[in-house]
Amino acid sequence: MAQIQSKPPMVSTSKKPIDEAIVFIERSAIRPVIRQEIKQVGIPTLYNVENIASCLEHLGRYPRALLVVDWDLGGRQLSQILGAAQGAFSCDTRPIFLIAHEVNIQLVAIATEYHVSRIHTGEISRGAIQTHMDAIMAEESEEQSLRVQLSRVAEARSRGNFQSAGQILAELMTRFPGNSWVGCELTEHYIQDESWDKASALVDMLLAIDQNNLRIQHLKARCLMHEGQFEEAASVLTATKIINPFNVERLVDLGRAFIQADRIKEALSTFDEVLSLDQDNKAANLGRAQCRLLEGDVNEALSLMRQISTPREMASLFNNSAILSIRQNRFDQGKSLYKAAIGAAGTQGRIVARLLYNLGIAQYKQSDFENALECFETAFKRDPDYIKAKQNAAAVAHKLGRKPALGGATPPTKHTSVDEMFTEVFDDEQMPKRAS
């Protein structure tokens, strides 16, 4: 028997802490015992599921129900189930009881990552299951207010009210400093809010408390990627993969880290692993397409992207791939990618303008000032509101000893210096926030 994590004492309430349970047990011999003991502790409603599709459906329908699940399902299915147990907004709103033959490192690591309440190992008996269920009910009575608060966080996120979710989490972190359960949720919030300094500081504090927690390590890797430390991030994520090779979101991030570190074959292999677990995973399909772009197979990449992408997404993927190529001093490849992206974007004027702008920067970095000037001028003509393109055109014209051809006043401070920073395709678009 192993208890995964002690949680902070909470104020008891009169409300029954658990009134429904989802039971997914692979071993038919132990199902009746477990079901009987769950009812014995006073949980009136049981949903007995016999396949993963039914389990996932019930998890979505009953976000507060106790989940009782069998380790014998295997790591692949179990990771999918435990991930789904957190809901669409990755928040621990339910207790989890895991049944296993024996304790091992992988079991404890995965159980800790998903905040499993209790693990039973060894022989099944009514007395043992009753002891676990009594403990879960007692713990949930003590920590119900925390569970309720996390449910409020999930609800706020589902409504798009991320500010409210952050306020709830910050208050909980003040009440329970150093609690990894709350700390992970707050770190997710900071990342979602792009408060990267706060996220990095908090995740370092959490690692000092629990350096083996896979979820905390994943959050650390995401902070490292934001800081441009892609090799370090890939190293962290590779280590977590040894323990749990079935976490799809983490594998996607590992593939992205490999791309940014210019380890394209490893990235492609990682995205293939994701697709073997989730064949419809859009992020992995886009990652695979980007790998093909960086390998020079533009036609195959285009074929992949047309099946899964909007023109804006395609342009963004081309843009990011071109920037990576140019940063690796593969200028010809980068410029070819921009030209292909401009052709693929077609009539999307504002997108084409930003692609032309970045192509102009690539030309400028190679001292091809004539073509750079043409790119900046054409970018502004495609989007007359794109002031950065007009300013760069004026700066390059000044460098060539010419008067700006675009007309109108341009801020004097921009006349003689070219902004050499690449821009995102969606740099001035209000993009929807990712649910953390």
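Trainee: Explain the pairing of strand S6 (residues 118–121) to me, and be specific about the residues and the numbers.
Mentor: Both faces of the sheet carry side chains from a regular strand, because those side chains alternate between them. What you see with S6 is no split at all: Arg 118 and His 120 on one side and Ile 119 and Thr 121 on the other are buried throughout. Direction of pairing for strand S5 (residues 96–100) relative to S6: parallel, over a ladder of four bridges. Among the inter-strand pairings, Phe 97 is bridged to a residue of S6, identified as Arg 118. Considered for its hand, the β-α-β crossover made up of S5, helix H4 (residues 105–113) and S6 is right-handed.

Trainee: Could you give an account of the nonpolar core, naming the residues involved and the relevant values?
Mentor: In terms of nonpolar packing, the biggest core is built from 43 residues, with Met 305, Phe 318, Tyr 338, Leu 355, Tyr 357 and Phe 376 touching the most fellow members. Mapped by element, the contributors of at least two residues to this core are helix H13 (282–294), helix H14 (298–308), helix H15 (311–327), helix H16 (331–345), helix H17 (349–365), helix H18 (369–382) and helix H19 (387–399). The element best represented in this core is H17, accounting for ten residues. Not counting residues within four places of it along the chain, the set of residues in contact with Met 305 comprises Ala 289, Leu 293, Met 314, Leu 317 and Phe 318. Counting residues in each nonpolar core, the second largest holds 27 residues, with Leu 146, Ala 154, Ala 165 and Leu 186 among its members.

Trainee: Any details on the packing of aromatic side chains? Residues and values, ideally.
Mentor: For the structure shown, the criterion picks out four aromatic pairs. Aromatic side chains Tyr 47 and Tyr 62 sit 4.2 Å apart centroid to centroid with 10° between the ring planes, which places their arrangement in the stacked category. One end of the pair, Tyr 47, is in strand S3 (residues 45–48); the other, Tyr 62, is in the loop between helix H2 (52–61) and strand S4 (66–70), with 15 residues separating them in the sequence. In this structure Tyr 47 comes out as buried when scored by relative accessible area, which is 17%.

Procedures and definitions
- Residues numbered from 1 in each chain as written.
- Predicted model: local features only at pLDDT ≥ 70, side-chain atom pairs only at ≥ 80, totals over all residues.
- Heavy atoms only, no water.
- Buried < 20%, exposed > 50% of the residue type's maximum accessible area, 1.4 Å probe, protein only.
- Helix = DSSP H or I, 4+ residues; strand = E, 2+ residues; numbered from the N terminus.
- Pairing = 2+ DSSP bridges.
- Right-handed = clockwise from strand over helix to strand, strands pointing away.
- Core = buried A, V, L, I, M, F, W, Y, C linked by side-chain atoms within 4.5 Å.
- Contact = heavy atoms within 4.5 Å.
- Phe/Tyr/Trp six-rings, centres within 6.5 Å; stacked < 30°, edge-to-face > 60°.

Everything listed here is a matter of coordinates, which is why it stays silent on function.
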